[in-house]
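# Geometric and topological summary
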Amino acid sequence: QKFSELVVSHYRLMKMIYSPIELFAAGQNSSYEYHLLEERRDESGPLFVLEILPLRFLTPPLSFGRAWLRPDGRVQRIELNLKSIQNHETITRAALRRKRVPAVSFVVDFAKVYRGIGFPSAIRLRDAFLDENGHESLAADIAIRYDGFNFFKVETREEVWDSP
């Protein structure tokens, strides 16, 4: 759990790799509205691009943004909205004081598939700002790649003893 947080200067995202659970778990459906933006194909087949919006804004904020789903429901990619980030108001105010607009993106790809479940293969933070003419200033472009997953099997045995 301690490695599931990404802290970069003024950004803090809690449990980014768990965002599919937060966005699509049965108990969360009442917290979001889902909109189909488009259907597309890539080399692995069809994809549905959804926009996921919170029905209420909480502190800390709920994750929301866009998700790319396979027809079987597996999450392929999630791009979080800037307002999903704790401290996003401070980031926006600081940018506006410098006559800039945040152009920040957080993307999690779930390309590693094991038994039909997508696991994170990459996280990308792109920290940029646009000036009044639309010119971009790139502060950071960080990519974290996950590789070499080791899946293991856990077996249990149940034994019941009579008490003496």
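Please refer to the structure higher up on the page.
Right, let's walk through the structure included here. (Residues numbered from 1 in each chain as written. Predicted model: local features only at pLDDT ≥ 70, side-chain atom pairs only at ≥ 80, totals over all residues. Heavy atoms only, no water.)

### Things to note about the overall build of the chain
Scanning the chain from N- to C-terminus turns up two helices and twelve strands. Burial analysis of the chain (164 residues in total) assigns 32% to the buried set. Partitioning the contacts of the chain with sequence separation of at least 6, the portion at a separation of at least 24 is 41%. Per element, the accessible surface of the chain, about 11100 Å² overall, is 51% carbon and sulfur. (Helix = DSSP H or I, 4+ residues; strand = E, 2+ residues; numbered from the N terminus. Buried < 20%, exposed > 50% of the residue type's maximum accessible area, 1.4 Å probe, protein only. Contact = heavy atoms within 4.5 Å. Areas by Shrake-Rupley, 256 points an atom, 1.4 Å probe, with all protein chains shown as cover.)

### Section: the pattern of salt bridges
Pairing between side chains of opposite charge can happen when the charged atoms of each approach one another. With the rule as written, the count across this model stands at seven salt bridges. The partner of Asp141 in a salt bridge is Arg126, with the nearest N and O atoms 3.9 Å apart. Residue Asp141 is located in strand β12 (residues 136–145), and its partner Arg126 is located in strand β11 (residues 122–130); the two are separated by 15 residues in the primary sequence. Among the residues examined, Arg126 registers a relative accessible area of 22% and is labelled partly exposed. Residue Glu159 pairs with Arg157 through a salt bridge whose shortest N-O separation is 2.3 Å. Among the residues examined, Glu159 registers a relative accessible area of 37% and is labelled partly exposed. By sharing partners, the salt bridges in this structure join Arg124, Arg126, Glu136 and Asp141 into a single network. (Salt bridge = Lys/Arg side-chain N within 4 Å of Asp/Glu carboxyl O.)

### A few points about the packing of aromatic side chains
Using the criterion set out here, one finds one aromatic pair in the structure. For the ring pair Tyr32 and Tyr34, a centre distance of 6.1 Å and an interplane angle of 50° mean the geometry is tilted. By relative accessible area, Tyr32 is classed as buried at 4%. Given a relative accessible area of 29%, Tyr34 falls into the partly exposed group. Stacked on the ring of Trp68, the Lys or Arg Arg77 has its end atom at 5.5 Å from the ring centre. (Phe/Tyr/Trp six-rings, centres within 6.5 Å; stacked < 30°, edge-to-face > 60°. Lys NZ or Arg CZ within 6 Å of the ring centre and 35° of its normal.)

### Quick look at the pairing of strand β4 (residues 45–54)
The sheet contact formed by strand β3 (residues 32–42) and β4 spans ten bridges and is antiparallel. Its bridge partner being in β4, Glu39 is matched across the sheet by Phe48. Linking β3 to β4, which pair antiparallel, is a turn of two residues. Alignment of β4 against strand β5 (residues 65–69), held across five bridges, turns out to be antiparallel. Residue pairing across strands places Val49 opposite Trp68, the latter belonging to β5. (Pairing = 2+ DSSP bridges.)

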